[in-house]
Amino acid sequence: QEYTAIKLEVLEWSQEGSLAASAIPELAGQRIFLVAATLRPETMYGQTNCFVGTGLEYGFFQSKDTNQVYVVSERAARNMAFQGLSPENGRVVKLGSITGQAIIGTKVNAPLSEYKNGVYVLPMENVLATKGTGVVTSVPSDSPDDYAALRDLKKKPEYYGIDAKWVEGFDPIPVLSTEAYGEMSAPVLCDKMKVSSQKDRIQLAEAKEAAYKEGFYSGTMSIGDFKGLPVAVAKQMVRLQLKECGDAFYYAEPEGLVMSRSG
Ligand code: ZZB
């Protein structure tokens, strides 16, 4: 899989995150980014939050750029080291670690997002440790998984242990339109497939498949520099733009390892 890795810079740590980060002297004076792997760079205008797995472990890894540290899974950091993304080819420089739980509530900058003042890091049950970086950027307009998880959090913030302010006012933003599902493919598909929560894995998988297909083959951009262009064309342009301005880099994952569940 050839992902676009989006750099979400930490603007303000959660309480726990701040404790964890300040205990690592090597982080002083460095910019810290949560890095999310996406297959849909053209949807970044609609980011409303970031998701991590509360039970997952993340590391702080020195990147090839001086004074820039990436927060990703150990597995992703190892792959990155072989793609010229660490200070020295094949070598991982780990500065420390942090749990997903400790990152919850951290405010990050989401590149291109309409939420210019930053978005929050929130918990999602279905974050896989074995895919991407273990950090997921959330686009509830076009990703059924994200829509279902954000809706759960808005319904029961206390149950999920989050502050209601981290979700209040962070609503889906129209990014692209398709003939079949209009400007909000994820909410429409979640209704259609009767998804009642993020636990409805089977319906969500079906909704995701439909959203991918319709978006790619018949979507037209509703926002941004490539407004009016087909999604299939804009995808590459947004991707390049994000890379050129330093807000993203390309990250490949060996196909065979993506689905590996042996761990
Ligand atoms: C933003 C986005 C916007 C995404 C969208 C999808 C959609 P796939 O399709 O299964 O190969 N993702 C990335 N890493 C993880 C992880 N560790 N655990 C769970 N989900 C993860 O997976 C690629 C997509 O799955 C990625 O692209 C990411 O969400 C999520 F509008 O990023 B995406 C119809 C989908 N729409």
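Moving on: the overall build of the protein. When its secondary structure is counted, the protein shows eight helices and 12 strands. For 263 residues, the compact-globule formula gives about 18 Å, and the C-alpha radius of gyration of the protein, at 18 Å, lands near that figure. With respect to the three principal axes, the spread of C-alpha positions in the protein is 50 × 40 × 40 Å. Of the contacts made within the protein by residues no fewer than 6 positions apart, 74% connect residues no fewer than 24 positions apart.

Where helix H4 (residues 144-155) meets helix H6 (residues 201-218), the closest approach of the two axes is 8 Å, and the angle between their N-to-C directions is 130°. Relative to H6, the element H4 lies oblique. Side by side, H4 and H6 meet where Pro144, Asp145 and Ala148 of the first sit next to Leu204, Ala207, Lys208 and Ala211 of the second. Its residues assigned to classes, the contact of H4 with H6 shows five nonpolar, no polar and two charged.

Counting 73 residues, the largest nonpolar core has Leu34, Val35, Cys50 and Val71 as the members making the most contacts within it. The greatest single-element share of this core, amounting to six residues, is contributed by strand S2 (residues 31-38). Apart from the residues within four sequence positions on either side, Val71 is in contact with Ile32, Phe33, Leu34, Val35, Tyr58, Phe60 and Val135.

In the vicinity of the ligand lie 19 residues, with Thr38, Gly132, Asp142, Ser143 and Ala211 positioned nearest. Listing elements by their share of the shell around the ligand, those giving two or more residues are S2, strand S9 (135-138) and H6. For the shell around the ligand, the leading source of residues is H6, giving three residues. Looking at the shell around the ligand residue by residue, the class counts come to eight nonpolar, seven polar and four charged.

Before going further, it helps to spend a moment on helix H5 (residues 185-192). Each full turn of the α-helix corresponds to 3.6 residues, which orients residues three or four apart in the same direction. Among the eight residues that make up H5, six are buried, leaving the element largely enclosed by the rest of the structure. When we look at burial in H5, the residues that qualify are Ser185, Ala186, Pro187, Val188, Leu189 and Cys190. As for H5, its buried residues are in contact with H4 and H6. Phi turns positive one or two residues past the end of H5, at Lys194, with a value near 55°.

This part takes up the confidence of the model for the protein. Any region with low pLDDT has predicted coordinates that should not be read closely. For the protein, the mean per-residue pLDDT works out to 96, and 97% of the residues sit at or above 70. Overall fold confidence (pTM) sits at 0.96, and the ipTM for the predicted complex is 0.99.

Parameters at a glance
- Residues numbered from 1 in each chain as written.
- Predicted model: local features only at pLDDT ≥ 70, side-chain atom pairs only at ≥ 80, totals over all residues.
- Helix = DSSP H or I, 4+ residues; strand = E, 2+ residues; numbered from the N terminus.
- Rg over C-alpha atoms; globule rule 2.2 N^0.38 Å.
- Contact = placed C-beta atoms within 7 Å.
- Axes fitted to C-alpha atoms, helices over the stretch in contact; angles between N-to-C directions.
- Parallel < 35°, antiparallel > 145°, perpendicular 65-115°, else oblique.
- Nonpolar A, V, L, I, M, F, W, Y, C, P; charged D, E, K, R; others polar.
- Core = buried A, V, L, I, M, F, W, Y, C linked by C-beta atoms within 7 Å.
- Buried ≥ 20, exposed ≤ 12 C-beta atoms within 10 Å, placed from the backbone.
- Near = placed C-beta within 6 Å.
- pLDDT = per-residue confidence, 0-100.

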